[in-house]
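# A look at the structure
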Amino acid sequence: ALLLCVDSATFRRNTARAMSQGNVELVRQVYEHFSDRGELAVHLASADFEFDVSEVMPDMAGKHGLEAAERLFRSYAGMFVDFEIRLQEVIAAEGDHVVTAVVDGGHLRGSDAEVHNQFFHVFTIRDGRVVRWSSHTDRQHALKAARLSE
């Protein structure tokens, strides 16, 4: 007979690390889908999805569902001829949360101007789906929203 002993704390850490890595991969897919198709990856979102842009767009304060989030994304990306979003850094991935730094933008429609913005996103993942996505202008605000610190 083979007896295998596993320290439960190590098992929990390894399980959490694997779950966090899976969540990071899911977030990467969200960005890739948007970059490839110019649309929100609705197939990766839960039915009760919430999108919170109150920090970056105070006039749009509150939580928005999937349809409203799609409209917001299309409207925002539509301001650019060649909109792109680039993942710069995965700042933290712990538990159900993934915090990222991104740069988005491109050439503004009807102008020669090129605009790029840096944002910090907080994703909450449950059962392999994005249930919440919030956007922030400040790294510390994003970490605080995710209840994490560096």
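Nothing here was measured: the structure is a model prediction, and the numbers come from that model.

So, about the layout of surface pockets. Considered as a void within the structure, the largest pocket measures approximately 220 Å³ in volume. In terms of lining, the largest pocket is formed by 15 residues, of which the most central are Phe51, Val53, Phe73, Tyr76 and Ser135. Of all the secondary structure elements, the ones that give two or more residues to the lining of the largest pocket are helix 2 (66-77), strand 5 (114-126) and strand 6 (129-136). With four residues, helix 2 is the largest single contributor of residues to the lining of the largest pocket. A class-by-class count of the residues in the lining of the largest pocket yields twelve nonpolar, two polar and one charged.

Per-residue pLDDT for the protein averages 84, and the proportion of residues at 70 or more is 83%. Mean pLDDT values for the elements of the protein range from 71 in helix 1 (residues 8-37) up to 96 in strand 5. Across residues 1-18, where pLDDT falls below 50, the model places one contact with residues more than four positions away in sequence or in other chains.

In this section: the environment of His43. Counting through the fold element by element, His43 comes out in the loop between helix 1 and strand 1 (45-52). We classify His43 as partly exposed; its relative accessible area is 46%. Once you skip the residues sitting within four places of it in the chain, His43 turns out to touch His33 and Arg129.

In this section: the side chain of His136. For His136, the location among the structural elements is in strand 6. Separated by 2.8 Å, the side chains of His136 and Ser134 make a polar contact. Residues in contact with His136, not counting those within four places in the same chain, are Glu55, Val56, Phe119, Phe120, Val122, His141, Ala142 and Ala145.

A separate point is the nonpolar core. Judged by nonpolar contacts, the single largest core of 28 residues is most densely connected at Tyr31, Phe49, Phe51, Phe83, Phe123, Val130 and Trp133. Elements supplying a minimum of two residues to this core: helix 1, strand 1, helix 2, strand 4 (97-107), strand 5 and strand 6. Per-element tally for this core: the top contributor is helix 1, with six residues. Grouped together as the second largest cluster of nonpolar side chains are ten residues, Ala92, Ala101, Ala142 and Ala146 included.

Taken as a whole and judged by the stated rule, the model has one cavity of 30 Å³ or more. A volume near 50 Å³ is recorded for the largest cavity. Around the largest cavity sit Val30, Leu40, Ala41, Leu44, Ala45, Phe49, Phe123, Val130 and Trp133, which together line it. Residue assignment for the lining of the largest cavity shows that the elements contributing at least two residues are strand 1 and strand 6. Grouping the amino acids of the lining of the largest cavity by side-chain chemistry returns nine nonpolar, no polar and no charged.

Scanning the model with the defined rule gives five salt bridges in all. The closest approach of N and O atoms between Asp48 and Arg126, which form a salt bridge, is 2.9 Å. Of the two residues, Asp48 sits in strand 1 while Arg126 sits in strand 5, which places them 78 residues apart along the sequence. Here Asp48 falls in the partly exposed class, since its relative accessible area comes to 46%. Where Glu89 meets Arg139, a salt bridge forms, and the shortest distance between an N and an O atom there is 3.2 Å. Of this pair, Glu89 sits in strand 3 (residues 84-94) while Arg139 sits in helix 3 (residues 139-145); the two residues are 50 residues apart in sequence, bridging distant segments of the chain. By relative accessible area, Glu89 is classed as partly exposed at 32%. Each of Glu50, Asp52 and Arg132 takes part in one network of salt bridges that share partners.

About the cut-offs
Residues numbered from 1 in each chain as written. Predicted model: local features only at pLDDT ≥ 70, side-chain atom pairs only at ≥ 80, totals over all residues. Heavy atoms only, no water. 1 Å grid on protein atoms, 1.4 Å probe; cavity = no way out; pocket = protein on both sides within 12 Å on 5 of 7 lines; lining within 4 Å. Points joined across faces, edges and corners; volume = space filled by probe spheres on them. Helix = DSSP H or I, 4+ residues; strand = E, 2+ residues; numbered from the N terminus. Nonpolar A, V, L, I, M, F, W, Y, C, P; charged D, E, K, R; others polar. pLDDT = per-residue confidence, 0-100. Contact = heavy atoms within 4.5 Å. Buried < 20%, exposed > 50% of the residue type's maximum accessible area, 1.4 Å probe, protein only. Polar contact = N/O pair within 3.5 Å; in protein donor to acceptor, adjacent residues only side chain to side chain. Core = buried A, V, L, I, M, F, W, Y, C linked by side-chain atoms within 4.5 Å. Salt bridge = Lys/Arg side-chain N within 4 Å of Asp/Glu carboxyl O.

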